[in-house]
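Listed below, chain by chain, are the residues.
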Amino acid sequence: MTDAPSTPTSPDNAALKMVSNTPIMSSSPLRSKDVLLPLARVKTIMKSSPDVENIGQESLFLITKATELFIMYLTKLSQRYGNDQEVEYSDLAAVVERKDSMEFLQDIVPRKIKYQEFLKMMEEEKDEETDLF
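Residues numbered from 1 in each chain as written. Predicted model: local features only at pLDDT ≥ 70, side-chain atom pairs only at ≥ 80, totals over all residues. Heavy atoms only, no water.

**So, the overall build of the protein**
- For the protein, the count of helices and strands is five helices and zero strands.
- Of the regular secondary structure in the protein, the N- to C-terminal order runs α-α-α-α-α.
- By sequence separation, contacts in the protein at least 24 residues apart represent 28% of the contacts at least 6 residues apart.
- Element-wise, carbon and sulfur atoms account for 56% of the exposed surface of the protein, whose accessible area totals about 10900 Å². (Helix = DSSP H or I, 4+ residues; strand = E, 2+ residues; numbered from the N terminus. Contact = heavy atoms within 4.5 Å. Areas by Shrake-Rupley, 256 points an atom, 1.4 Å probe, with all protein chains shown as cover.)

Structure representation (structure tokens):
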């Protein structure tokens, strides 16, 4: 059995071309179809940092690819904690809370709590402060 090579008209390639709309020179080994995230948006996010002045095509490609791989990793971890078919916020929050390597995301993806729980936590914190003085 031989697999037919994918052609530019296949659905996968068409979807990749629609998602990655930033042109890269055709002679470049870094093709926009190799990434799923839009390169223009990643470049905009990178430029939003005051420390970044110039962004080369290679670094843009590598950051975009690394971001995609991180998203895939986080998604797969989340699927282990929840439903395999669907990733929910609670699954992401559980991974961030339990995994030490995801500690940097705790402010971005906090565990959801109800307002009553928040009030109780604030009351306990206030009681602890008054006990100190």
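Right, picking up where we left off after that structure.
**Describing the packing of helix H2 (residues 39-47) against helix H3 (residues 57-81)**
- The interhelical angle for the contact between H2 and H3, taken along N-to-C directions, is 100°, at an axis separation of 10 Å. One finds that H2 runs roughly perpendicular with respect to H3. Between H2 and H3, the residues in contact are Leu39, Val42, Lys43 and Met46 and Leu60, Ile63 and Thr64, respectively.
- Taken together, the residues of the contact of H2 with H3 break down into five nonpolar, one polar and one charged. (Axes fitted to C-alpha atoms, helices over the stretch in contact; angles between N-to-C directions. Parallel < 35°, antiparallel > 145°, perpendicular 65-115°, else oblique. Nonpolar A, V, L, I, M, F, W, Y, C, P; charged D, E, K, R; others polar.)

**Examining a nonpolar patch on the surface**
- Residues Ile113, Tyr115, Phe118, Leu119, Met121 and Met122 make up a contiguous nonpolar surface patch of roughly 550 Å² in combined accessible area.
- Mapped onto the elements, methionine 121 comes out in helix H5 (residues 115-132).
- Here methionine 121 falls in the partly exposed class, since its relative accessible area comes to 43%. (Patch = residues over 30% accessible without salt bridge, like charges linked within 9 Å, V, L, I, M, F, W, Y side chains within 5 Å. Salt bridge = Lys/Arg side-chain N within 4 Å of Asp/Glu carboxyl O. Buried < 20%, exposed > 50% of the residue type's maximum accessible area, 1.4 Å probe, protein only.)

**Remarks on H2**
- Of the residues making up H2, those classed as buried are Leu39, Val42 and Met46. Looking down the long axis of H2, one finds its buried residues gathered within 65° of arc, a one-sided arrangement. Exposed and oriented more than 90 degrees from the buried face of H2 are Arg41, Thr44 and Ile45.
- On its buried side, H2 packs onto H3. (Arc of directions from axis to C-beta.)

**Observations regarding the packing of aromatic side chains**
- Enumeration over the complete set of coordinates arrives at two aromatic pairs.
- Taking 6.1 Å as the distance between ring centres and 45° as the angle between the ring planes, the aromatic pair formed by phenylalanine 70 and phenylalanine 104 counts as tilted. Of this pair, phenylalanine 70 sits in helix H3 while phenylalanine 104 sits in the loop between helix H4 (89-98) and H5, and the two are 34 residues apart along the sequence.
- One cation-aromatic arrangement involves lysine 112 over tyrosine 89; the distance from NZ or CZ to the ring centre is 5.0 Å. (Phe/Tyr/Trp six-rings, centres within 6.5 Å; stacked < 30°, edge-to-face > 60°. Lys NZ or Arg CZ within 6 Å of the ring centre and 35° of its normal.)

**As for the pattern of salt bridges**
- Applying the stated criterion across every chain yields a total of two salt bridges.
- Ionic pairing is found between glutamate 68 and lysine 65, a salt bridge with its closest N-O pair at 3.6 Å. In this pair, glutamate 68 and lysine 65 are both assigned in helix H3, three residues apart and thus about one turn of the helix distant.
- Overall, the relative accessible area of 9% leaves glutamate 68 in the buried class.
- For the salt bridge of arginine 111 with glutamate 97, the shortest nitrogen-to-oxygen distance reads 3.6 Å.

**Considering a negative patch on the surface**
- The grouping of Glu123, Glu124, Glu125, Asp127, Glu128, Glu129 and Asp131 at the surface amounts to a negative patch.
- Along the chain, aspartate 127 turns up in helix H5.
- Look at aspartate 127 and you get partly exposed, because its relative accessible area is 40%. (Lys, Arg positive; Asp, Glu negative; His and termini not counted. Charge placed at Lys NZ, Arg CZ, Asp CG, Glu CD.)

**Some words on the nonpolar core**
- Core analysis: the largest hydrophobic core is formed by eight residues, namely Leu74, Leu77, Ala93, Val95, Val96, Met102, Leu105 and Val109.
- Tallying contributions element by element places H4 first for this core, with three residues.
- In this structure, Val35, Met46, Ile55 and Phe61 belong to the second largest nonpolar core, which totals seven residues. (Core = buried A, V, L, I, M, F, W, Y, C linked by side-chain atoms within 4.5 Å.)

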